[in-house]
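# Residue-level structure breakdown
So the chains spell out like this:
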Amino acid sequence: MKYESQKVALWYFAAAMGLFAVQILVGLLAGAVYVMPNLLSELVPFNIIRMIHTNALIVWLLIGFFGAAYYLIPEEAETELHSPKLALVQLGLFVFGALAAVVGYLFRIYEGREFLEQPTWIKAAIVVVALMFLYNITLTLIKGRRTVITNILLVGMWGIAIFFLFSFYNPSNLALDKMYWWYVVHLWVEGVWELVLASILAFLMIKMTGVDREIVEKWLYAIVGLALFSGILGTGHHYYWIGTPGYWQWIGSIFSALEVAPFFTMVVFAFMMVWKSGRRHPNKAAMLWSLGCSVFAFFGAGVWGFLHTLAPINYYTHGTQVTAAHGHLAFFGAYAMINFAIITYAMPYLRGRQPYNQLLNMWSFWLMCGGMAFMTFVLTVAGVVQTHLQRVLGMDYMEVQEQIALFYWMRLGAGVIVGIGVVLFLYSIFGPAREERPASIPTGYQPAE
């Protein structure tokens with residue numbers, strides 16, 4: 001590694017992967033409850049299982065983003081982190097808050113807003129953690145070099161913190177509550193998180209392809225511009241049926257349709273950079289995750305989002321398994337995979353070894369991606385059947401659930417495949433390496449800045 005303080009990222013990646021394993025295990029349990037409804041119903045009700053599954057997802061992704069920032073910012077800024085100790089204290093507080101929230105959920109201590117079920121004191125602790133992080137990286141960038149990548153990453157991280165503040169506002173009016181609730185959820189995942197995704201992907205492309213920084217930065221500006229232009233007003237696709245004025249159906253439909261553009265641009269960007277470089281980076285697994293991230297983000301967040309984002313279609317499909325299909329593939333493709341990419345790239349440096357367990361890591365890629373793709377197709381078909389039987393023919397909800405039970409068994413099978421891929425990935429990253437040689441990448445692959 002170029003800078004000693006980058007080692008902080010190792011602890012973040014370990015914590016993120018620990019919570020990721022928890023999320024997958026709880027997700028498998030949730031899938032099992034779908035086909036065996038009385039499983040653990042007295043001990044852990046389904047709403048608690050789902051709560052832990054979704055909250056663990058959000059927290060581990062954030063921890064992964066923090067770790068990625070602590071790894072790439074010293075290299076981009078060409079200086080050590082302002083305070084590595086503060087970064088470790090921040091991680092400790094964040095993990096403690098996450099574990100406290102889980103324990104609280106098990107004892108029925110939570111608030112009622114989906115994804116934001118954390119008690120107020122934990123939300124306040126999250127704000128403190130975010131302020132510690134922003135203080136640390138902002139001072140690091142002030143004393144070091146500023147690049148387009150670090151500027152966009154910093155804007156994205158500040159956006160995450162600012163929009164989270166809306167989680168404290170919980171009006172009694174349900175329509176108003178939902179409007180501000182989406183300020184957190186949508187403007188995170190379809191707004192500022194896309195800035196974080198694009199900046200990490202740009203960093204990986206520079207490091208692994210050697211393409212000139214100016215070319216990467218031009219693409220980065222285009223991706224970010226499209227993401228913000230479409231994503232902010234694209235929030236309107238959540239306002240169709242909650243009691244807001246009818247013009248949101250037009251605004252939401254038009255701008256949501258445009259949300260495909262930044263993800264398509266991301267695919268073209270990633271593959272163009274690799275094609276222009278003509279180089280084969282030694283860390284093939286990291287390159288695979290980077291390219292795969294752009295493709296799965298395009299299909300999950302872009303194509304599957306577009307499938308039911310137009311108001312006349314969403315009138316029938318919202319709240320069905322079509323939504324679940326889109327949500328699973330979008331989160332996995334856009335945000336989980338970029339974390340896997342930066343972790344796969346950085347770990348050989350953090351552990352002081354050459355790229356290791358490449359084949360095992362790439363097997364985990366194909367198992368996780370194959371399982372998630374099959375799960376998405378299964379849920380999509382289940383959602384189409386559910387929409388027709390329930391929303392068009394007017395059949396009873398539980399009767400429809402019986403009709404699509406086979407699809408839930410298939411989803412559970414796909415989840416098991418994903419789980420096997422997760423085990424392989426964790427072993428390939430944290431397990432023993434066959435070669436103990438120091439990490440050494442040819443100079444040509446680490447371009448002069």
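Residues numbered from 1 in each chain as written. Predicted model: local features only at pLDDT ≥ 70, side-chain atom pairs only at ≥ 80, totals over all residues. Heavy atoms only, no water.

So, on to the overall build of the protein chain. Check the secondary structure of the protein chain and you find 15 helices and 0 strands. Here the protein chain has a C-alpha radius of gyration of 21 Å; the compact-globule value for 449 residues is 22 Å, and the two agree. Across its three principal axes, the protein chain shows a C-alpha extent of roughly 65 × 45 × 45 Å. For the protein chain, the proportion of its 449 residues judged to be buried stands at 57%. Restricting the contact set of the protein chain to residue pairs at least 6 apart, pairs at least 24 apart contribute 85%. Accessible area for the protein chain stands at about 18,700 Å²; split by element, carbon and sulfur atoms hold 70% of it. Computed over 24 positive and 22 negative side-chain charges, the inter-centroid distance for the protein chain is 8 Å. (Helix = DSSP H or I, 4+ residues; strand = E, 2+ residues; numbered from the N terminus. Rg over C-alpha atoms; globule rule 2.2 N^0.38 Å. Buried < 20%, exposed > 50% of the residue type's maximum accessible area, 1.4 Å probe, protein only. Contact = heavy atoms within 4.5 Å. Areas by Shrake-Rupley, 256 points an atom, 1.4 Å probe, with all protein chains shown as cover. Lys, Arg positive; Asp, Glu negative; His and termini not counted. Charge placed at Lys NZ, Arg CZ, Asp CG, Glu CD.)

What follows is about the side chain of Gln358. Turning to its location among the elements, Gln358 is positioned in helix 13 (residues 358–392). Overall, the relative accessible area of 16% leaves Gln358 in the buried class.

This part takes up the confidence of the model for the protein chain. Scored by pLDDT, the protein chain has a mean of 92; 96% of the residues are at 70 or more. By mean pLDDT, the top-scoring element of the protein chain is helix 15 (residues 405–430) (97), and the lowest-scoring one is helix 9 (residues 260–277) (92). Counted against residues more than four places away or in other chains, residues 442–449, with its pLDDT under 50, gives 18 contacts. (pLDDT = per-residue confidence, 0-100.)

So, on to the packing of helix 1 (residues 8–35) against helix 12 (residues 321–350). Close contact between helix 1 and helix 12 brings their axes to 11 Å; oriented N to C, the two are set at 150°. One way to sum up the angle between helix 1 and helix 12 is to call them roughly antiparallel. Viewed along their axes, helix 1 and helix 12 form a crossing whose handedness is left-handed. Facing Ala9, Leu10, Phe13, Met17, Phe20 and Tyr34 of helix 1, the residues of helix 12 in contact are Gln321, Phe340, Ile342, Ile343, Ala346, Met347 and Leu350. Class assignment of the residues belonging to the contact of helix 1 with helix 12 gives a composition of 12 nonpolar, 1 polar and no charged. (Axes fitted to C-alpha atoms, helices over the stretch in contact; angles between N-to-C directions. Parallel < 35°, antiparallel > 145°, perpendicular 65-115°, else oblique. Left-handed = near helix turned anticlockwise from the far one by under 90°. Nonpolar A, V, L, I, M, F, W, Y, C, P; charged D, E, K, R; others polar.)

Another aspect to go through is helix 10 (residues 284–307). With 24 residues, helix 10 should cover 34 Å at 1.5 Å per step; its first-to-last C-alpha distance of 33 Å lies within 8% of that length. Its axis deflected by about 25° at Phe299, helix 10 carries its strongest bend there. Counting buried positions along helix 10 gives 17 out of 24 residues, so the element sits mostly inside the fold. (Expected span 1.5 Å × (residues − 1). Bend = angle between axes of the 7 residues up to and from the residue.)

Bringing unusual backbone geometry into the picture now. Positive phi values are uncommon outside glycine, yet Glu78 reaches one of about 60°. Within the secondary structure, Glu78 sits in the loop between helix 2 (46–77) and helix 3 (84–106). Positive phi, normally seen in glycine, also occurs at Arg108, with a value near 65°. Its place among the elements puts Arg108 in the loop between helix 3 and helix 4 (120–143).

A cluster of nonpolar side chains, namely Met36, Leu39, Leu40, Leu43, Leu406 and Trp409, defines an oily patch on the protein surface of about 590 Å² accessible area. Examined against the element boundaries, Leu406 turns out to sit in helix 15. (Patch = residues over 30% accessible without salt bridge, like charges linked within 9 Å, V, L, I, M, F, W, Y side chains within 5 Å. Salt bridge = Lys/Arg side-chain N within 4 Å of Asp/Glu carboxyl O.)

Note that Arg145 resides in the loop between helix 4 and helix 5 (148–164). A relative accessible area of 23% means that Arg145 is categorised as partly exposed. Separated by 90 residues in the primary sequence, Arg145 and Thr235 place their C-alpha atoms 35 Å from one another. From its side chain, Arg145 meets the backbone oxygen of Glu76 in a polar contact 2.8 Å long. (Polar contact = N/O pair within 3.5 Å; in protein donor to acceptor, adjacent residues only side chain to side chain.)

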